[in-house]
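Next come the chains, spelled out residue by residue.
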Amino acid sequence: MAISPPGRRATFAESLRARPDVDLVELLTRRPDLALPSPSTVLSLAARASSRASLEHALTAVSTLHLNILEAVLALDDCGLQRRDVAAALGLVDAESAAVAAAIDDLLAAALLWESANLGGPAADAAPHLRTAPGLAEILGPFPAGLGPPTPPTVRRGAGAPPDPLGGVTPLELVRGAEPGDLAPGAPPGARRILDALTWGTPVGIAPRSDATARHATGWLVTHGLLMRSDDRHVVVPREVGLALRAGRTHRDVQTTGPRPAGGRPRPELVDAEAGRAGLESVRLIARLVRLWTQAPPSVLRSGGLSARDLRRLASELGLTEAMAAVVAELAGGAGLIVNDGEDPPTFRPTRVADLWMEGEIGARWLASARAWLGSRRTPWLVGSRDERGTLRGAFDPELTRPWVPRLRAAVLDVLAEHGTALDADAVLEVLHWRRPRAVPPAQAVAGLLAEAEFLGVTGAGVLSRPGTALLAGADADAGAVLAASLPAEVDELVLQGDLTGIVPGRPSRTLENLLETAADVESRGAATTVRFGAESIARALDHGLTAEQILAELATHSRTPIPQPLDYLIRDQARRHGRLRVGAAASYLRTDDPAAIAGLTRSPSLQRLGLIQPAPTVLIAQVPAAELQAALREAGLAAIVEAPDGGLVVAAKAPSPMRPGRAGRADLDGENEPAEASVEVESGAERRARLTALVARLRSAEPAAGKNPVGHPTGNDPTGDRPTGANGTDANGTDARAVAATPAVVAAILGSDDPAAALGLLREAIADSAMVWVELVGPDGAPIRRRVRPLTLDAGRLRALDPARDAELTVAVHRIASVTRDH
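Scoring rules and cut-offs
- Every residue gets a number counted from 1 within its own chain, in the order that chain's sequence is written.
- Side-chain atom pairs in this predicted model are given and counted only at pLDDT of 80 or more, local residue features only at pLDDT of at least 70, and totals for whole chains, interfaces and linings cover all residues.
- Processing note: side-chain calculations cover all non-hydrogen atoms of the structure and skip hydrogens and water entirely.
- Paired strands are those between which DSSP finds at least two bridges.
- Going along the chain from the N terminus, every DSSP run of H or I of four or more residues is numbered as a helix, and every run of E of two or more is numbered as a strand.
- We call a residue buried when its accessible area falls under 20% of the maximum for its residue type, exposed when it is over 50%, and partly exposed in between, using a 1.4 Å probe and counting protein chains only.
- Positive charge is attributed to Lys and Arg, negative charge to Asp and Glu, and no charge count is given to His or to the chain ends.
- In the sections that follow, a salt bridge refers to a side-chain nitrogen of Lys or Arg positioned within 4 Å of a carboxyl oxygen of Asp or Glu.
- In this analysis, two residues are considered to be in contact whenever any of their non-hydrogen atoms come within 4.5 Å of each other.
- Polar contacts, as used here, are pairs of N or O atoms within 3.5 Å; protein pairs need one atom able to donate a hydrogen and one able to accept it. Residues neighboring in sequence count only if both atoms are side-chain atoms.
- Between N-to-C directions, angles cover 0 to 180 degrees, with each direction set by a line fitted to C-alpha atoms, over the stretch in contact for helices.
- Oblique is the label for every angle not falling under 35 degrees (roughly parallel), over 145 degrees (roughly antiparallel), or within 65 to 115 degrees (roughly perpendicular).
- Crossings are classed by handedness, with left-handed meaning an anticlockwise turn of the near helix from the far one by less than a right angle and right-handed meaning a clockwise turn.
- Think of it as three bins: nonpolar holds Ala, Val, Leu, Ile, Met, Phe, Trp, Tyr, Cys and Pro, charged holds Asp, Glu, Lys and Arg, and polar takes everything else, Gly as well.
- Side-chain atoms within 4.5 Å link the members of a nonpolar core, which is a set of buried Ala, Val, Leu, Ile, Met, Phe, Trp, Tyr and Cys residues.
- Only the six-membered ring of Trp is used, alongside the rings of Phe and Tyr, when aromatic pairs are assigned; centres must lie within 6.5 Å, and planes under 30 degrees apart are stacked while those over 60 apart are edge-to-face, with the rest tilted.
- Across the chain, each position has a pLDDT score giving the predictor's confidence in that residue, from 0 to 100.

1. Notes on the pairing of strand β17 (residues 613-616)
Sheet topology note: the β17/strand β18 (residues 619-622) ladder contains two bridges and is antiparallel. Among the inter-strand pairings, alanine 616 is bridged to a residue of β18, identified as valine 619.

2. Quick look at the side chain of aspartate 397
Take aspartate 397: it is sitting in the loop between α18 (362-375) and α19 (405-419). Among buried Asp, Glu, Lys and Arg side chains, aspartate 397 stands out as unpaired, with arginine 378 the closest opposite charge at 6.2 Å. Not counting the four nearest positions on each side in its chain, aspartate 397 is found in contact with Gly305 and Arg378.

3. Comments concerning the pattern of salt bridges
According to the stated counting rule, one finds 36 salt bridges in the structure shown. Between glutamate 56 and arginine 52 there is a salt bridge whose closest N-O contact spans 3.8 Å. Here glutamate 56 pairs with arginine 52, and both are found in helix α4 (residues 52-59), just four residues apart, close to one helical turn. You can call glutamate 56 partly exposed: its relative accessible area is 27%.

4. Re the side chain of arginine 764
Inspection of the secondary structure assignment puts arginine 764 in helix α31 (residues 756-769). For the buried arginine 764, no salt bridge exists, and the shortest N-O distance to an oppositely charged side chain is 6.1 Å, to glutamate 138. At 3.5 Å, the side chain of arginine 764 forms a polar contact with the backbone oxygen of alanine 47. A distance of 3.3 Å separates a polar atom in the side chain of arginine 764 from the backbone oxygen of serine 50.

5. Considerations on the packing of helix α14 (residues 268-295) against helix α17 (residues 352-359)
One can describe the packing of α14 onto α17 by two numbers: an axis separation of 11 Å at closest approach and a directional angle of 135°. Classified by the angle between their axes, α14 and α17 sit oblique to one another. You can see that α14 and α17 cross each other, and the crossing is left-handed. Facing α14, whose interface residues are Val283, Ile286, Ala287, Val290 and Arg291, α17 presents Ala354, Trp357 and Met358. Looking at the contact of α14 with α17 residue by residue, the class counts come to seven nonpolar, no polar and one charged.

6. Points about the environment of valine 271
By the element assignment, valine 271 lies in helix α14. For the pair valine 271 and valine 463, spaced 192 residues apart in the sequence, the C-alpha separation amounts to 6.9 Å. The residues contacting valine 271, other than those within four sequence positions of it, are Pro266, Gly460, Ala461, Val463, Leu464 and Ser465.

7. What to know about the nonpolar core
Ile69, Leu90 and Leu112 are the most contacted members of the largest nonpolar core, which totals 95 residues. Ranked by residues supplied to this core, first place goes to helix α5 (residues 64-75) with eight residues. For isoleucine 69, the residues in contact, after removing those within four places along its chain, are Val86, Leu90, Val100, Ala103, Ile104, Leu107 and Leu113. Grouped together as the second largest cluster of nonpolar side chains are 65 residues, Ala315, Ala326, Ala335 and Leu367 included.

8. Section: the packing of aromatic side chains
This structure, assessed with the given rule, holds four aromatic pairs. Note on tryptophan 293 and phenylalanine 396: the rings are 6.2 Å apart at their centroids and 70° apart in plane angle, and the pair reads as edge-to-face. Here phenylalanine 396 lies in the loop between α18 and α19 and tryptophan 293 lies in helix α14, a separation of 103 residues in the sequence. Neither tryptophan 293 nor phenylalanine 396 differs from the other in exposure class; each is buried. Within the aromatic cluster, the residues linked to one another by ring pairs are Trp293, Phe348 and Phe396.

9. A few points about the environment of glutamine 630
Residue placement: glutamine 630 occurs in helix α28 (residues 626-635). Contacts of glutamine 630, omitting those with residues within four sequence positions, involve Ala640, Ile641 and Val642.

10. Focus on the confidence of the model for the protein
As a general rule, the predicted coordinates of low-pLDDT regions are not to be interpreted in detail. Chain-level statistics for the protein give a pLDDT mean of 81 and a share of 84% at 70 or above. Mean pLDDT across the elements of the protein bottoms out in helix α30 (residues 744-751) (38) and peaks in helix α21 (residues 443-456) (96). Note that pLDDT drops below 50 for residues 1-6; the model gives that stretch 22 contacts with residues more than four away or on any other chain. pLDDT under 50 marks residues 705-751. Its contacts with residues more than four places away, or in other chains, come to 91 contacts.

11. Points about the pairing of strand β15 (residues 529-532)
Across four bridges, the pairing between strand β12 (residues 501-504) and β15 is antiparallel. By the bridge assignment, glycine 502 is partnered in β15 with valine 531. Here three bridges tie strand β14 (residues 521-524) to β15, and the two strands are oriented antiparallel to one another. Counterpart to serine 524 in the pairing with β15 is threonine 530. Joining the antiparallel neighbours β14 and β15 is a turn of four residues.

Laid out in structure tokens, this is it:
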């Protein structure tokens, strides 16, 4: 059975099968969704590659130039467009053809374009034509590049049809430079204005009704074939006429490179200084948050986030806006310094990782937070906004995780690295719009990522900094060292003054910074840091376990001058009053009028779990709820009752039960439901390529064993493997190897399939080629019905097709299609 009749061109599935293994691996690398789950055959791979979901995903990765090429090829699909014609169709000069050729190679590698090779017929027809992937026309719309539909052949050939407005010049000849005849000889007034209005905009216009002049001009244009009526109210410019009006170009202005927005180019030393200052400040603020939440960890909301009240308190403590305080909190969470402890009730607490982080050098601490930020999927810029239900979004909210954030972050930083100038959010968005016109990110996200990069020191003065460049390159050790090198030298000296202030003439050492963070309040920062000692700051140092002598000794170690007398008096006076009033925590209490009734309970082994403390002879306090304390005492043989806050008795049926909210679990703050310090294995490039190579080998093994590719292209041997073929595809006897007999397995793989995904792929190919197929349907009674149809559309789970034998349209649900076979 000959499977490649003369004159037939290859289909999309056949073109994929003809690709070398290395090209299929490249396709799966560029479009990883095609490999998950693994396809069973090349035919199923082709069906998946032409599905709407996969095409939509692939289009989000193409630039404006790639999209213009796809539109041009789609608009000229019926004209036999070849590679050499694309640059001319876009209106580009020869100097720009190299960029067009590279873009075409990209689209071919991603199977968004394919070359429809001739499988037989005269050599003149053997040049491959560029085609778009089946299904792409439905996504790009009915008017690619703003060109209308082609004139139907029946209209062109029918009796009484309007005259040919192009004088016999074909659309492809227009692209290649042929001049059409006069499009509007003797046109009435207003006709040219109508054509001009529809040339570069939408090709569809509204037929006028009230304006007699415009109505006459429109009717004349329709009569002469320059417009077509799409319905009683609308007219459309035919594709051939639109190309002629555009002088053979599909697009008005095509740029082969992205925009170059203007921006300042600050001095490198200024960039390094700004980045170093920002990096140092970000580390200080994260360390400050860790200290604050070590002392007083905030509660976790039922939704898993941080309350607005706790965020306001944090912003006040850090001296930041609430938006930037949320960024600091998210950075600490992303680096594994803060987690939901999962206790009862749950709180946000520092981890063991935070203890190690606090002890590290400045470069290592900055690198840990910057590296976590680089891969984070969190969106801190959404904190404070409201979701679709009107709920206020808070920091650490699990709903603030977006999988596209790392890709967008890399794209934004790549724009900064490429341009090397200070760009604002609008300029970066302009470049991203050209690079990914079908996946334009939200302006708020771009602005938020730029603000985070500036806060961390990844950028300085609006330009990618040297530490940021090293971070993007994966040179982690260099990134931390570069940031540390950009900082001024540490100083370990403090100038104490008589007004209870002190000045650090430079960047304080870690020891001095820890002392001042504990015992003083910062008034100003800059080239020098000014701090003030007060009653509250000294009390804070005493709360940390320091004595007056220890505070004075530490200050004397760093001070250039003797400690001023007012500061000495302040420290000693606060130490004398410190601890007079003491505060403790108690979940419940036990009181009695008889001290002997509770004597010895604090030493009872069976009651040790209650955490009993006796502050007075007739009072005990416990660390468990009242109901649990009562139950434990009754088990010990003591009849205890529950008392209300006003001293009255609580009825047993109304006794309060301990509130134990469900454990939130130790979840990391990036939405992965695992500890922040857990390691995640990432597939390397070599491992991915090896996996895809093995997948392609399995696809090849599923194909019928033959020495010739089933699409009809010779590979050096015939299907039997014992008859060599020549370079022109003929065997030793001169027989055309492209029309040899094939096994039934080969025929089934090429001509038809009962696999649902492959069947849909065959239908999409038939729609793109306006080809006939045999469709086997399951009738209402369950019996199979075989129909020869021409598929028209495939959308929303329904196939609409034309049945020529019955001269009627057929609409059938996809699930009723048992198999599809091409009609050759």
